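Reading the structure
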Number of protein chains: 2
Amino acid sequence: MPKLDESLLSDLPPFSLLERSQIREVLDHAVSRRYEEGTAIFREGHDADRFYMLLDGYLRVVRTTPGGDQIIVLHISPGQLFGIAPALQRDTYPATSIAAAESIALSWPVSLWSDFTTNYPGFATESYKTLGQRLGQIQDTLTEMATQAVEKRVACALLRLVNQTGRKTEGGIEIAFPVTRHDISEMTGTTLHTVSRLLSAWQKDGIVQSTRKHIVVTAPHRLVLLSGIEG
Amino acid sequence: MPKLDESLLSDLPPFSLLERSQIREVLDHAVSRRYEEGTAIFREGHDADRFYMLLDGYLRVVRTTPGGDQIIVLHISPGQLFGIAPALQRDTYPATSIAAAESIALSWPVSLWSDFTTNYPGFATESYKTLGQRLGQIQDTLTEMATQAVEKRVACALLRLVNQTGRKTEGGIEIAFPVTRHDISEMTGTTLHTVSRLLSAWQKDGIVQSTRKHIVVTAPHRLVLLSGIEG
DNA sequence: CGGCAATTTGAATAATATCAATTGTAGTGG
DNA sequence: CCACTACAATTGATATTATTCAAATTGCCG
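Everything quoted here is computed from the prediction, not taken from an experiment.

On the UniProt side, "domain: HTH crp-type" (unreviewed entry) is annotated at positions that read residues 148-221 of chain A here. Summarising residues 148-221 of chain A: 53% helix, 22% strand, and an end-to-end C-alpha distance of 19 Å.

Dropping the structure here:
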């Protein structure tokens, strides 16, 4: 295993308050791994034996119903902790994490969790902040799902992707990892057919530009209007 | 202010590991208050200046959209901590809490949060366990909302109420606080009309028995079937 | 007893899912 | 390099569910 460089973590909030030597310790206990697109990092209901930090790539956090339907609960971007079930005193993961693009993550055994929270200033704080944000995000999604029509939900989902992972290109803001119509339908609780129709219509209107697994939002402001965020 | 009795807390998980004297300290810092049905304990977005323990009654946790629609995110039963935004490093409450029935709650200023978590064994653990359960619950609701048809969602919502707050009576299991058709529609993201029609049909089928603001489930097993929890 | 809130119910409508078939695109291996 | 295959996307037609609109009824509280 190659030695990991300290600069990997030194700017990330959970570790930004640490001394160089502490970061060294953290890295020395970490396992680094690469995940192919489509691979599961861990699965819902399994023993939560490790916690993670995403260094590069993007993840989908997914739940599956007994009936086999899937929904995408949220996405994870580089620099975020995930699989931090131990923070909530859970001994199993509450959802499945799948690499939405080729990804790299560090991980540590849960047995180190209490060491981290007690010895490393800012680590606990940041972890709980992350959880708080995620809880808020899920509540937002729930509220949206319960009250908004499909078109608005899809618009909101796209905007969320754009805000979290978008990068500017000529011609608009591009979503940084592969997304299919089907993925979006799983984020919004609709069918890929409906999503396809909506995206086609928006493309005709010049709001988005999309090819296979790839979406560029060309007129974000108009998408915001469609999303119905009233003042 | 009357002195609060130690037996109030001694059996509740967050405090069950404490010495008598510690419970005394906790109570001496607590403010006890009664809330009329329909009263807000705190509101979404406001400064999270206190955290709470529900002693008696029931609460609805509610979010409101810019458009004025409301949804009920979850319910809180006696013995549960709530308003524990500080645990997630939030400085505002992420939702509104309303007394669904006349209720009594203790509260403490957030400034005591870190004292509680560091000095009182088991308190932090239980708080985070509660959050973990709540996060799981919300994810369940989200998944359900995204994948299930209205009838199943309403069946699930009723079952959830029954499981959390139901008490056996002759003739079935009764939901322990006032619930309107409108409330159920806000739990399930549908209209009160649809809920009314469903309950009427179920009543005709002998599955529930309901009067104004009051529901008794007479055939829980059949409701489970309707809820579509497949093996 | 009056009035408000909760509930019920019918009919019309619109949104979205379902069904079904086709086209397009990328990757694979001969 | 091309054919083959698997996956992704499009699109029309139809079916259906649940909302919306509208109105009436019921029960409770003061």
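Further remarks concern the domain arrangement of chain A. Residue and element names in this part refer to chain A. Each domain of chain A was delimited in the assignment, giving domain 1 (7-134) and domain 2 (148-227). In this structure, domain 1 and domain 2 have C-alpha centres spaced 27 Å apart. Taken together, the contact pairs 10 residues of domain 1 with 10 residues of domain 2. A buried area of about 910 Å², summed over both sides, lies between domain 1 and domain 2, and 56% of it is on carbon and sulfur atoms. The largest contributions to the domain 1 side of the interface with domain 2 come from Tyr-58, Ile-72 and His-75, which together make up 55% of the buried area. Notably, a salt bridge pairs Lys-213 with Glu-37, separated by 3.6 Å at the nearest N-O pair. Broken down by element, the side of domain 1 that touches domain 2 gets its largest block of residues, 4 residues, from strand β5 (residues 70-76).

Turning our attention to the protein's contact with DNA strand C. In the neighbourhood of DNA strand C, 18 residues make up the surrounding shell, with Thr-190, Thr-194 and Arg-212 of chain A together with Ser-196 and Arg-212 of chain B lying closest. Taking all atoms of DNA strand C within 4 Å of the protein, the share assigned to sugar and phosphate is 59%. Here a phosphate oxygen of DNA strand C sits 2.5 Å away from a polar atom, N or O, in the side chain of Thr-194 of chain A. Between DNA strand C and Arg-212 of chain B, the relevant distance is 2.6 Å, taken from a base nitrogen to a side-chain nitrogen or oxygen of the residue. Secondary structure elements with two or more residues in the surface near DNA strand C: α7 (192-204) of chain A together with α7 (192-204) of chain B. By residue class, the composition of the surface near DNA strand C is 3 nonpolar, 9 polar and 6 charged.

What follows deals with the protein's contact with DNA strand D. The full set close to DNA strand D counts 17 residues, and Arg-181, Ser-196 and Arg-212 of chain A together with Thr-190 and Thr-194 of chain B are the nearest of them. Considering DNA strand D, the proportion of its atoms within 4 Å of the protein that are sugar or phosphate atoms stands at 60%. Measuring from a phosphate oxygen of DNA strand D, one finds a backbone N or O atom of Arg-181 of chain A at 2.8 Å. Of all elements in the fold, only α7 of chain A together with α7 of chain B reach the threshold of two or more residues within the surface near DNA strand D. The element best represented in the surface near DNA strand D is α7 of chain A, accounting for 4 residues. Of the residues in the surface near DNA strand D, the class split is 2 nonpolar, 9 polar and 6 charged.

Another point: the packing of aromatic side chains. Residue and element names in this part refer to chain B. One pass over the full model with this rule turns up 31 aromatic pairs over all chains. Their ring planes at 35° and their centres at 5.7 Å tell us that Phe-15 and Phe-123 sit as a pair that is tilted. Placement of Phe-15 in the loop between α1 (7-10) and α2 (20-29) and of Phe-123 in helix α4 (residues 123-147) is noted, with a sequence separation of 108 residues between them. Both residues of the pair, Phe-15 and Phe-123, belong to the buried class.

Glancing now at the sheet that holds strand β11 (residues 208-211) of chain B. Residues and elements named next belong to chain B. Taken together, 4 strands build an open sheet; the order of strands is β9-β10-β12-β11 and the sheet is antiparallel. Two strands close off the open sheet at either side, each with one partner strand: β9 (166-169) and β11. Neighbour-to-neighbour, the strand axes of this sheet turn through a mean angle of 25°, independent of strand direction. Running at roughly 125° to β11, α7 makes contact with β11 and β12 (214-217) of the sheet.

On to the UniProt feature "domain: Cyclic nucleotide-binding" (unreviewed entry) in chain A. Within the UniProt annotation, "domain: Cyclic nucleotide-binding" (unreviewed entry) is assigned to residues 14-100 of chain A. Along residues 14-100 of chain A one finds 11% helix and 39% strand; the C-alpha atoms at either end are 23 Å apart.

Superposing chain A onto chain B takes a rotation of 180° plus a shift of 0.0 Å along the axis, which leaves an RMSD of 0.0 Å. The operation mapping one copy onto its partner corresponds to a two-fold rotation axis. Every residue of chain A has its C-alpha some distance from the rotation axis, and the shortest such distance is that of Leu-142 of chain A, at 2.7 Å. When the interface residues of chain A are mapped onto chain B, 100% of them again lie at the interface, so the same face is used by both copies.

All right, on to the nonpolar core then. Core analysis: the biggest nonpolar cluster contains 96 residues, and Trp-108 of chain A together with Trp-108 of chain B have the highest contact counts within it. Setting aside chain neighbours within four positions, we find Trp-108 of chain B in contact with Phe-15, Val-26, His-29, Ala-30, Asp-49, Arg-50, Phe-51, Tyr-52, Met-53 and Phe-116 of chain B.

The next thing to look at is α2 of chain B. The set of residues buried in α2 of chain B consists of Gln-22, Ile-23, Arg-24, Val-26 and Leu-27 of chain B. Where the residues of α2 of chain B are buried, they touch α1, β8 (103-109) and α3 (113-119) of chain B.

All names here are of chain A. Counting buried positions over the 6 residues of strand β4 (residues 59-64) gives 5, a clear majority of the element. Taken together, the 6 bridges between β4 and β5 define a ladder with antiparallel strand orientation. Within β5, the position partnered with Leu-59 by the bridge is Ile-76. In sequence, β4 turns back onto β5 through a hairpin of 5 residues, with Gly-68 there showing a positive phi of about 95°. As paired elements, β4 and strand β7 (residues 96-99) share 4 bridges and run antiparallel to each other. Across the sheet, residue Val-61 finds its bridge partner in β7, namely Ser-97.

All right, on to the packing of helix α4 (residues 123-147) of chain A against helix α5 (residues 150-165) of chain A then. All names here are of chain A. Two elements in contact, α4 and α5, have axes whose closest approach is 10 Å; the angle formed by their N-to-C orientations is 160°. One way to sum up the angle between α4 and α5 is to call them roughly antiparallel. By crossing handedness, the relation of α4 to α5 is classed as right-handed. Across the interface between the two elements, Gln-137, Thr-141, Glu-144 and Met-145 from α4 touch Arg-153, Cys-156, Arg-160 and Gln-164 from α5. A per-class count over the contact of α4 with α5 returns 2 nonpolar, 3 polar and 3 charged.

The rules behind these values
- Residues numbered from 1 in each chain as written.
- Chains lettered and ligands numbered in written order.
- Predicted model: local features only at pLDDT ≥ 70, side-chain atom pairs only at ≥ 80, totals over all residues.
- Heavy atoms only, no water.
- UniProt positions renumbered as here; feature names shortened; annotations may be inferred.
- Helix = DSSP H or I, 4+ residues; strand = E, 2+ residues; numbered from the N terminus.
- Domains from an automatic or database assignment.
- Contact = heavy atoms within 4.5 Å.
- Buried area = accessible area lost by both parts, 1.4 Å probe.
- Salt bridge = Lys/Arg side-chain N within 4 Å of Asp/Glu carboxyl O.
- Near = heavy atom within 4 Å.
- Polar contact = N/O pair within 3.5 Å; in protein donor to acceptor, adjacent residues only side chain to side chain.
- Nonpolar A, V, L, I, M, F, W, Y, C, P; charged D, E, K, R; others polar.
- Phe/Tyr/Trp six-rings, centres within 6.5 Å; stacked < 30°, edge-to-face > 60°.
- Buried < 20%, exposed > 50% of the residue type's maximum accessible area, 1.4 Å probe, protein only.
- Pairing = 2+ DSSP bridges.
- Axes fitted to C-alpha atoms, helices over the stretch in contact; angles between N-to-C directions.
- Least-squares fit on C-alpha atoms with pLDDT ≥ 70 in both.
- Core = buried A, V, L, I, M, F, W, Y, C linked by side-chain atoms within 4.5 Å.
- Parallel < 35°, antiparallel > 145°, perpendicular 65-115°, else oblique.
- Left-handed = near helix turned anticlockwise from the far one by under 90°.

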